[in-house]
Amino acid sequence: PNRVRMSIAERKAVAILVAEIGGRPAAVKVDSEGVAFAEASDREAASLPVLSGLRFEDFRLGTRLPASLAPVLSSLAKVRDEEPLLLSAFSEIRVVRKARGDPELILYPMGARIPVLSGPVLSAQSLRSMILVLDVLGTKGIAGSVGELDFRSGTVVYRGKEDHSG
């Protein structure tokens, strides 16, 4: 009684959004709770993946992302805390919303032109596995013929570029 206790914790970014602020595109930091809380510096923007596939009307700082992205954001926070360099291995994480169920992700690795499909929960182990498979494909000289990697089922599946109809 007769006392108030407060604790203040700085928000930590897990990803970057590109949004329009004041009529210009800006890189915005997003935390594990889905709050777009501040503009990112160039260094911050370069060290975190861009979270894309999201549309905003009347965006402003403090905007909260949809609750359906909670598993994605909390898993990114866990990876950031365990092995932050793993996040810098991917330039973009595109959110693909489905009519039902959890969203899916398409990850775009740095230095490789092969998109990687994933479920909504990422882990340090799954990101390491993705990087390992990409490295093996590059070492074997077949990366150029691979259109995408699919990690959604627990078994790695790759589709050749010729498998896609244009």
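Structural data are supplied above this passage.
Everything in this summary refers to the structure shown in the same document. As the structure is a computational prediction, the values presented were derived from the model and not from experiment.

In terms of regular secondary structure, the protein is built from four helices and nine strands. For the protein, the sequential pattern of α-helices and β-strands runs β-β-β-α-β-α-α-β-β-β-α-β-β. The dimensions of the protein, computed from C-alpha atoms along their principal axes, are 70 × 35 × 35 Å. The 166 residues of the protein split such that 38% are buried. At a minimum sequence separation of 6, the contacts of the protein that also span at least 24 residues come to 45%. For the protein, the distance from the average site of its 22 positive side-chain charges to the average site of its 20 negative ones is 4 Å.

Before going further, it helps to spend a moment on the layout of surface pockets. Taken as a whole, the largest pocket holds about 220 Å³ of empty space. Listed by contribution, the elements that provide at least two residues to the lining of the largest pocket are strand E1 (13-21) and strand E4 (50-52). By residue class, the composition of the lining of the largest pocket is seven nonpolar, two polar and three charged. Taken as a whole, the second largest pocket spans an internal volume of roughly 150 Å³. Around the second largest pocket, the lining residues are Glu10, Arg11, Lys12, Ala13, Lys29, Phe37, Arg43, Glu44, Ser47 and Leu48. Per element, the largest residue contribution to the lining of the second largest pocket is three residues, and it comes from helix H1 (residues 42-47). Among the residues forming the lining of the second largest pocket, the class breakdown is three nonpolar, one polar and six charged.

To continue, consider the nonpolar core. Formed by 41 residues in total, the largest nonpolar core has its most connected members in Leu17, Leu51, Leu76, Leu107 and Leu127. The element contributing the most residues to this core is E1, with seven residues. If we ignore the near neighbours within four places in the chain, the residues touching Leu51 are Ala15, Ile16, Leu17, Leu65, Leu73, Ile93 and Val95.

Residues other than glycine predominantly adopt negative phi, and peptide bonds predominantly adopt the trans conformation. Of note, Asp58 is a non-glycine position whose phi angle comes to about 55 degrees, a positive value. Position of Asp58 among the secondary structure elements: in the loop between E4 and helix H2 (70-82).

What follows covers H2. Between its terminal C-alpha atoms H2 stretches 18 Å, which fits the 18 Å expected from 13 residues at 1.5 Å a residue. Those residues of H2 not exposed but buried are Val72, Leu73, Ser75, Leu76, Ala77, Val79 and Arg80.

This next bit is on the pattern of salt bridges. Pairing is possible between side chains that carry opposite charge, provided their charged atoms lie close to one another. Taken as a whole and assessed by the stated rule, the structure comprises twelve salt bridges. Here Glu44 makes a salt bridge to Lys29, at a shortest N to O gap of 3.1 Å. Taken together, the residues Glu44 in helix H1 and Lys29 in strand E2 (residues 24-31) connect sequence positions 15 residues apart. Between Glu104 and Lys98 there is a salt bridge, and its shortest N-O distance comes to 3.3 Å. Here the residues in one salt-bridge network are Lys98, Glu104, Glu148, Asp150, Arg152 and Arg159, joined through shared partners.

Within the secondary structure, Glu92 is located in strand E5 (residues 90-96). Spatially, the C-alpha atom of Glu92 lies 24 Å from that of Gly141, the residues being 49 residues apart in sequence. One polar contact links Glu92 to Arg94, side chain to side chain, over a distance of 3.3 Å.

Parameters at a glance
- Residues numbered from 1 in each chain as written.
- Predicted model: local features only at pLDDT ≥ 70, side-chain atom pairs only at ≥ 80, totals over all residues.
- Heavy atoms only, no water.
- Helix = DSSP H or I, 4+ residues; strand = E, 2+ residues; numbered from the N terminus.
- Buried < 20%, exposed > 50% of the residue type's maximum accessible area, 1.4 Å probe, protein only.
- Contact = heavy atoms within 4.5 Å.
- Lys, Arg positive; Asp, Glu negative; His and termini not counted.
- Charge placed at Lys NZ, Arg CZ, Asp CG, Glu CD.
- 1 Å grid on protein atoms, 1.4 Å probe; cavity = no way out; pocket = protein on both sides within 12 Å on 5 of 7 lines; lining within 4 Å.
- Points joined across faces, edges and corners; volume = space filled by probe spheres on them.
- Nonpolar A, V, L, I, M, F, W, Y, C, P; charged D, E, K, R; others polar.
- Core = buried A, V, L, I, M, F, W, Y, C linked by side-chain atoms within 4.5 Å.
- Expected span 1.5 Å × (residues − 1).
- Salt bridge = Lys/Arg side-chain N within 4 Å of Asp/Glu carboxyl O.
- Polar contact = N/O pair within 3.5 Å; in protein donor to acceptor, adjacent residues only side chain to side chain.

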